[in-house]
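Commentary on secondary and tertiary structure
What follows is each chain in one-letter form.
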Amino acid sequence: MTTNPKTDSKTSLDAYWMPFTANRQFKQAPRMLARAEGMYFWTPEGRKVLDGIAGLWCVNAGHASPKIVQAIQAQAAEMDFAPPFNMGHPKAFELAERLVEILPAGVNKVFYTNSGSESVETALKMAIAYHRARGDGARTRLIGRERGYHGVNFGGISVGGIVANRKMFGTLLAGVDHIRHTHDPARNAFTRGVPEYGAEFADDLERLVALHDASTIAAVIVEPVAGSTGVVLPPKGYLERLRAICDRHGILLIFDEVITGFGRLGSPFAATHFGVTPDLMTVAKGLTNGAVPMGAVFAKQHIHDTFMNGPEHLIEFFHGYTYSAHPLACAAALGALDTYVESGLLTRGAQMAPYLEDALHALKGLPHVIDIRNIGLVGGIELAPIDGQPGKRAFDVFLKCWERGVLIRTTGDTIALSPPLIIEKSHIDEIVGTIADVLRQAA
Ligand code: PXG
């Protein structure tokens, strides 16, 4: 039971089955959030908590950003819903046009979804259907990467490589294979920024091409910077090499930019940051600053154009969602884009990154710290697991930071930081300082 501060009544915690949560642990000691603004959450009791993870990699402009709040409020009153199939509304088109302005050259078509998971399913289906529309219908295989996270739907967990997210759910999608992951602590531990070693891991795609033949492979999907697995960066030259191998074999390259999109790395997208342009990009989260659920797939012109054949009165791509281009989401996204551009947030990460990098790497030598990784406004601090209890060491740090008023995220035994892009140096000091104190005391 918890006390509702508004009504003072008791609400049972029983009915809500929480996602990706240790439900029993939570319900014994609930961590409730009631309000949010800027860099902070407040608990129902009024305790202030510094947000070190932008909600969940999404609140890039900080919480309750005024333009976004106003846009949602006005849109709810003006038009709550409009059917997206065979009908349109102006903000959906305006948003697509505005997005194309910040996308890498050549990527200029926008297909709306409602989450990162839906973006991934959409991109995978688009890739297979594209090859078929070209008359190359044998290209149906999808290649993911070990340790990859692409949401939780069947396509996403099939190409994904996080064992816990896959093992409970049967045989998954047929015709999927995986290249190896790029984590190589033996050579790259404590590297500042992208690691020096491992571009050759991209050649693992050639192994799968040799095994399956390129003529059966539709697409490869990777996170340019992997988040959920615990912040794993692409080695220098790796993404370029992956791009070259895809080009050589007519395989589409999909970047899953659900966490890297909208300024996280200090550039609008990972594609712009690394100068490698994929054929399809998936986004969500920062698209609306997390304020309304929304995702999107960005496609190169020629992929879109390949579908635009057949009788003009017929649907070209049999795919879409009731809530695709939802008016509230479009309004929120336009408000978010305005805010990002006006405040320089799409590149602010680049200015703040060196300070975060120094702060994070100063943790080297503290108890249990076995690796530190960083890029833009992303940080990963990997801890040695407690024998026989993987994940527990980091989860305990998470709980202690929460008690001290700092929200961090842990995955396995890695602490992942992804603060709002409005973060100031003093916030970085507080987040990293709190983690340091907790680590010292836990020793
Ligand atoms: N792709 C990537 C790369 C993601 O990071 C998704 C797809 C799925 O998005 P939706 O909107 O369906 O959740 C994600 C989601 C974490 C964490 O702790 C990250 C995500 C979700 C939950 C936790 O790093 N990313």
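Everything below is about the structure printed above this text.
Given the structure is predicted, the values throughout are model-derived calculations rather than measurements. (Residues numbered from 1 in each chain as written. Predicted model: local features only at pLDDT ≥ 70, side-chain atom pairs only at ≥ 80, totals over all residues.)

Secondary structure assignment for the protein chain yields 16 helices and 17 strands. Overall size of the protein chain, expressed as C-alpha extent along the three principal axes, is 65 × 55 × 45 Å. When burial is assessed residue by residue, the protein chain has 47% of its 443 residues classed as buried. In the protein chain, 72% of the contacts between residues at least 6 apart in sequence involve partners at least 24 apart. (Helix = DSSP H or I, 4+ residues; strand = E, 2+ residues; numbered from the N terminus. Buried ≥ 20, exposed ≤ 12 C-beta atoms within 10 Å, placed from the backbone. Contact = placed C-beta atoms within 7 Å.)

Given a rise of 1.5 Å per residue, 16 residues ought to cover 22 Å, and the 22 Å separating the end C-alpha atoms of helix H13 (residues 327-342) matches this to within 8%. Extensive coverage of H13 is indicated by the burial of 13 of its 16 residues. Where H13 terminates, the next one or two residues include Gly344, which has phi positive at roughly 65°. (Expected span 1.5 Å × (residues − 1).)

Let us look at the pairing of strand E14 (residues 378-383). Across the 6 residues of E14, 6 count as buried, placing the element largely inside the fold. Burial along E14 is two-sided: the residues Val378, Gly380 and Glu382 and Gly379, Ile381 and Leu383 are all buried. Bridging between strand E13 (residues 369-375) and E14 involves 6 bridges; their strand directions are antiparallel. Bridged to Ile375 within E14 is Val378. (Pairing = 2+ DSSP bridges.)

Here we come to the sheet that holds strand E17 (residues 414-417). Spatial strand order, E13-E14-E17-E16: 4 strands in an open sheet with antiparallel pairing. Strands at the two margins of the open sheet, each flanked by one partner only, are E13 and strand E16 (409-411). The sheet shows a mean angle of 20° between the axes of neighbouring strands, taken without regard to direction. Relative to E17, E16 runs antiparallel, the two sharing 3 bridges. Its bridge partner being in E17, Arg409 is matched across the sheet by Ala416. (Axes fitted to C-alpha atoms, helices over the stretch in contact; angles between N-to-C directions.)

With that settled, consider the environment of Pro66. By the element assignment, Pro66 lies in helix H3 (residues 66-78). Along the backbone, Pro66 and Thr339 are 273 residues apart, and their C-alpha atoms lie at a distance of 8.8 Å.

Moving on to the site of the ligand. Taken together, 19 residues sit near the ligand, with Ser115, Gly116, Ser117, Gly151 and Val258 positioned nearest. Listed by contribution, the elements that provide at least two residues to the shell around the ligand are helix H2 (54-57), helix H5 (116-133) and E16. Ranked by the residues each element gives to the shell around the ligand, the list is headed by H5, at 3 residues. (Near = placed C-beta within 6 Å.)

What follows is about unusual backbone geometry. Phi angles above zero are rare outside glycine, and Leu172 is one such case at about 60°. The topology assignment puts Leu172 in the loop between helix H7 (163-166) and strand E8 (176-179). Of note, His368 is a non-glycine position whose phi angle comes to about 75°, a positive value. On the secondary structure map, His368 appears in the loop between helix H14 (345-361) and E13.

Moving on, we come to the nonpolar core. Counting 121 residues, the largest nonpolar core has Val220 and Leu280 as its most contacted members. The greatest single-element share of this core, amounting to 10 residues, is contributed by H13. Those residues within four positions of Leu280 in sequence are excluded, and the remaining contacts are Ala123, Met126, Ala127, Leu252, Ile254, Val297, Phe298, Ala299 and Ile303. (Core = buried A, V, L, I, M, F, W, Y, C linked by C-beta atoms within 7 Å.)

Below, the discussion takes up the packing of H14 against helix H16 (residues 425-442). Remark: H14 packs on H16, axes separated minimally by 10 Å, with the N-to-C direction vectors making an angle of 20°. Here H14 is positioned roughly parallel relative to H16, judged by the angle of their axes. You can see that H14 and H16 cross each other, and the crossing is right-handed. Touching Tyr355, Leu356, Ala359 and Leu360 of H14 are Lys425, Ile428, Asp429 and Val432, all from H16. Partitioned by chemical class, the residues of the contact of H14 with H16 number 6 nonpolar, no polar and 2 charged. (Parallel < 35°, antiparallel > 145°, perpendicular 65-115°, else oblique. Left-handed = near helix turned anticlockwise from the far one by under 90°. Nonpolar A, V, L, I, M, F, W, Y, C, P; charged D, E, K, R; others polar.)

Attention now moves to the packing of helix H4 (residues 90-102) against H13. Direction vectors running N to C along H4 and H13 enclose 35°, while the axes themselves pass 9 Å from each other. Helix-helix and strand crossings are classified by hand; for H4 and H13 the assignment is left-handed. For the pair formed by H4 and H13, the contact residues are Lys91, Ala92, Glu94, Leu95 and Arg98 on the first element and Pro327, Cys330, Ala331, Ala333, Leu334 and Leu337 on the second. Looking at the contact of H4 with H13, its residues break down into 8 nonpolar, no polar and 3 charged.

This brings us to the sheet that holds strand E4 (residues 40-42). Strand order across the open sheet formed by 4 strands is E3-E4-E5-E15, with mixed pairing between neighbours. Of all the strands in the sheet, the pair left with one neighbour each is strand E3 (35-37) and strand E15 (406-407).

Remark: a regular strand shows side chains that alternate across the two faces of the sheet. Two elements, E4 and strand E5 (residues 48-51), share 3 bridges in a ladder whose sense is antiparallel. Bridged to Trp42 within E5 is Lys48. Between E4 and the antiparallel strand that follows it, E5, lie 5 residues; Gly46 among them carries a positive phi value of about 95°. As paired strands, E5 and E15 are joined by 2 bridges and run parallel to one another. Directly across from Leu50, in E15, lies its bridge partner Val406.

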